[in-house]
Every structure is written in structure tokens, then in C-alpha cells.
Amino acid sequence: MNNNELLPHLFRTEYHKITSVLYRHFGFEHPEVAEDIASDTFLIAAETWGLKGLPENPVAWLHTVARNRAKDYLRRNKLFEQKISPTLQADHDGWEEMVIDLSDAHIRDSQLQLMFAICQPILTPEAQIGLALRILCGFGIDEIADAFLSNKETINKRLFRAKEKLREQQVKIEFPPEAEIGTRIQAVLTTLYLLFNEGYYSCNKDTTLRKDLCLEAMRLTYLLVENESTNLPDANALIALMCFHASRFDARTDDNGEMIRYDEQDTNLWNDELISRGNHYLNLASKGKVNKYHLEAAIAYWHTIKTDSIKKWESILQLYNRLLQIAYSPIAALNRTYSLYKARGKQEAIAEAEKLQLNGNHLYHVLLGHLYTGVDQQTAIRHLQTALKLAKTTTEKTRIQKDLEKLV
């Protein structure tokens, strides 16, 4: 991996680790300090590596620069010492001796504490999730806007107000009381769910699958299930869902990065170890009350069954029926229609699909194009042509164009 490829990758995987540790030191009183130091670290890397080449250990290099930048900031800004929390002052005899611990263990602790600190009841759920995506996961404003189907201006205002409220309320970055974990963890799980989906269903890049985002979401979710206090059924259901989806990574795209549809995937490329791990976590999740993560994980489990059968698709259909009852979404309804087709045939599926009226969604027209193929070719072509106009990425357009060429 060359410099042009490595630095963006490291920004995604290391930026929020660095900010997590720095936030733990500087708190929400001065959130810009942690983010500025982390950003400066990567700016220095871009300049230095471009001139001198990659260091032997890029991650360690970044951590060293971030640590030194933090200490330099503290030396230069004596006024900050007067505003910093008394607890932090008591922990250090002097700023020059301040320890910026970027060890793996300290990063894990910092991220776990920050996850819960961000997801405060004083913030709206949308603000909690947006702020966590920005600070903890390193999402750009465009990516957060995509996740919320919103715009940059709205997201910027939302994040600014959220930071101000955390500052005003003097929220500490620490682990929540035991009694609050069950409630507070839901916003954390939603954030990680969105992060995984951003990678698995990438819609803002010309690529179908961004594994780095998915793997980062899995890593953060593992933090929850590996911690005794947060090892709850919902967290186990979410990591099970991620494992099942991740098990088909290698079969989901071809050598050119183009999507391979589920019924065309090479099942020999499915990762049996991840499937087994997903089963393990899904069994642990069964001890809790069923929610959308349990149902989506169960649906994903059935998708790892290699034998194509009516039983398989009828099971998936019934799970979608339950999911739509407790957590309706247009995409879930669309996916249910596909399982209806596989279980009961095209005519019933077409009737159900057309009730959805998702006319602005290219996937809706792709599905109808597929369902009408062999039933009404002209209608199939019209739906695929509409899908082609609505598709946003090159990979999507390429696949739809190939489908059209088969019919014309």
C-alpha cells in the first residue's frame, strides 16, 4: 500500500483512536483541541511522508506525533491550565509530565467511555448518533448527512449544538452507572449499526463495499461484548449480524469491485469461521428480549445457509414480517418482497412490491425489473431504465446497464 492509499486508510482507523484518548484528557470543555491535534497529526504525516517516504511503523509514528503535539499545546497555553478540570490537575504534577497514553488498552478504555459520554440523555437521539459518528468513528459531514438522509448544513448545526450542550452541562467522559447502561447502550448500538451499514451498503463512493468501515464497526462492537458490564443480549445480536454479513465479504464483489448479487455468489468464498462466530453470538443474544438486531441477525443467518430451499426463504419471509411489525423501514419492506418472490413466486411478489411505491429508490426499480423479467419484458426494461437514472454510483450503474443489455 503506497502513501496515497495508506494515509486515508490510517485516517479512518487511527484518527478516532487518537481523538478518543485526547478527549479523555481535554474533556468536552475544549473539544476543538482534541480534534485539531488529531487533524494536525495527519497533516504533518501527509507533508513528511510525501518528502521522506513512509516510516517503518506508520501507526506508532502517528501516535508519537499526536502525543508530542498535545504536550506542545499544553506548554504553549498556560491559560488552559487554569480552566482544566481539578481532577486532571491533581493527576499530574505539571503539564510537561502529562502522559498521553496511546496504548491499545488505554485506547479501548477511552473509546468505551467516550461512546457512553457522547450518548447522553440530554441530547436527542439524532444528536447522540451524529456526534458519535463524527468524533468516535471519524465520519465526514457528508457521510453523516447520507446516514441521516439530511444535508451538510443541518448536520453541522446539529453537531455544534450537541457539543455546546455537553460543554454547558459539564459532561464527564467516564463509564455510566450500572443502572443506566441498559438504556444508554441503545444509542451506542445504533451508531455502530450505521457505521457498519455505511461500509456494507456504501452509497457515497464509487465502490460497493468499504471493508475498513465494516471492520471498524465490528471492532468497536467487540469492545462492548468483551466488557462485562456491556456484554448484553442486544450487543451480542448486533455483533452476530455483523459476523454473518462479513462472512460473505469475499463473495460479494468481483475483481473489479462490482457487486455480485446474492444468488450469483460463490458460496465457497463464504467465511465459515465468521459464520460460526455469528452463531455463537446469536445464541448468547437469545437470552434477551427480541428486537430488530435479533431479527436482522436471524435473517442474515439464513442467508449463510448455502442450500436454496422453500424452507429457507419462507423462514426469511416470516422474520421480515416480524421485523416490519416492530421496526418498519422501506428497505426492509423491499427486502421482504425479494424473499416473498423466492418463497412463493413472482406474481405475488410483484403485487406486494408495487404497493410500496418507492419510486425514487433505484433498488425498488431493480427489483421490479428482475421480477418482471420473463413476465413482461417491456415493463422490466422500463424499470431498469428508471433504476439506471436514479443510481448514484458507477458500480451500480454498470451492473444495471449489464442487466438492461440482457433484455434489449
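Residues numbered from 1 in each chain as written. Predicted model: local features only at pLDDT ≥ 70, side-chain atom pairs only at ≥ 80, totals over all residues. Heavy atoms only, no water.

Caption draft 1: Quick look at the nonpolar core. Core analysis: the biggest nonpolar cluster contains 127 residues, and F28, M115, M218 and L224 have the highest contact counts within it. Looking at which element gives the most residues to this core, the answer is helix 10 (residues 178–200), with eleven residues. Setting aside chain neighbours within four positions, we find L224 in contact with L112, M115, F116, I185, V188, L189, L192, T230, N231 and A235. (Core = buried A, V, L, I, M, F, W, Y, C linked by side-chain atoms within 4.5 Å. Buried < 20%, exposed > 50% of the residue type's maximum accessible area, 1.4 Å probe, protein only. Helix = DSSP H or I, 4+ residues; strand = E, 2+ residues; numbered from the N terminus. Contact = heavy atoms within 4.5 Å.)

Caption draft 2: Fine view of the pattern of salt bridges. This structure, assessed with the given rule, holds 17 salt bridges. Among the salt bridges present, the one from E14 reaches K17, with a minimum N-O distance of 3.3 Å. Note that E14 and K17 are positioned in helix 1 (residues 3–26) at a spacing of three residues, about one turn of the helix. With a closest N to O distance of 2.9 Å, R399 and E264 form a salt bridge. Within this pair, whereas R399 is found in helix 21 (residues 394–407), its partner E264 is found in the loop between helix 13 (249–252) and helix 14 (272–285), the two being separated by 135 residues in sequence. Take R399: its relative accessible area is 10%, and that puts it in the buried class. Three or more residues are tied together by salt bridges with common partners; here these are R261, E264, R399 and D403. (Salt bridge = Lys/Arg side-chain N within 4 Å of Asp/Glu carboxyl O.)

Caption draft 3: Expanded view of unusual backbone geometry. For Q170, which is not glycine, the phi torsion reads 55° and is therefore positive. Secondary-structure assignment places Q170 in the loop between helix 9 (152–168) and helix 10. A positive phi angle, near 55°, is found at Q357, a position not held by glycine. Mapping Q357 onto the fold places it in the loop between helix 18 (346–356) and helix 19 (362–372).

Caption draft 4: Broad picture of the environment of H383. Among the structural elements, H383 can be located in helix 20 (residues 377–390). Residues H383 and I122, 261 residues apart in the sequence, show an inter-C-alpha distance of 46 Å. When residues no more than four places from it in sequence are discounted, the contact partners of H383 are H365, L368, G369 and Y372.

Caption draft 5: A look at the environment of H16. Note on placement: H16 falls in helix 1. Exposure remark for H16: the relative accessible area of 0% places this residue in the buried category. Between the C-alpha atom of H16 and that of I107, which follows or precedes it by 91 residues, the distance is 9.6 Å. If near-sequence neighbours (up to four positions away) are discounted, H16 is found in contact with Q111, I135, L136, C137, G138, E216 and R219. A distance of 3.3 Å separates the side chain of H16 from the side chain of Q111, its partner in a polar contact. (Polar contact = N/O pair within 3.5 Å; in protein donor to acceptor, adjacent residues only side chain to side chain.)

Caption draft 6: Expanded view of helix 14. For helix 14, spanning 14 residues, the distance from its first C-alpha to its last is 20 Å, which sits close to the expected 20 Å at 1.5 Å a residue. Every buried residue belonging to helix 14 is among L274, I275, G278, Y281, L282 and A285, and all of these are buried. All buried residues of helix 14 project into a common sector of 130° when viewed along the axis, lining one side. Turned more than 90 degrees off the buried face of helix 14, the exposed positions are D272, E273 and N283. In this fold, the buried residues of helix 14 make contact with helix 11 (211–225), helix 12 (233–246) and helix 15 (292–303). Measuring from the backbone nitrogen of E273 back to the side-chain oxygen at the start of helix 14 gives 3.0 Å, which picks out N271 as the cap. (Expected span 1.5 Å × (residues − 1). Arc of directions from axis to C-beta.)

Caption draft 7: Examining helix 21 more closely. Between its first and last C-alpha atoms helix 21 spans 20 Å; for 14 residues at 1.5 Å apiece the expected length is 20 Å, and the two agree. Of the residues making up helix 21, those classed as buried are T395, R399, I400, D403, L404 and L407.

Caption draft 8: Examining the environment of K406 more closely. Along the chain, K406 turns up in helix 21. Owing to a relative accessible area of 63%, K406 belongs among the exposed residues under this scheme. C-alpha of K406 to C-alpha of Y201: the two residues are 205 residues apart in sequence and 25 Å apart in space.

Caption draft 9: Broad picture of the side chain of H303. Residue placement: H303 occurs in helix 15. A residue is classified by how much of its surface remains accessible, and H303, at 14% relative accessible area, is buried.

Caption draft 10: Geometry of the packing of helix 14 against helix 15. Running from amino to carboxyl end, helix 14 crosses helix 15 at an angle of 145°, the nearest separation of the two axes being 11 Å. When the axes of helix 14 and helix 15 are compared, the crossing they make is left-handed. Residues N279, L282 and A285 of helix 14 lie in contact with helix 15, whose contacting residues are H294, A297, A298 and Y301. In terms of residue class, the contact of helix 14 with helix 15 is built from five nonpolar, two polar and no charged. (Axes fitted to C-alpha atoms, helices over the stretch in contact; angles between N-to-C directions. Left-handed = near helix turned anticlockwise from the far one by under 90°. Nonpolar A, V, L, I, M, F, W, Y, C, P; charged D, E, K, R; others polar.)

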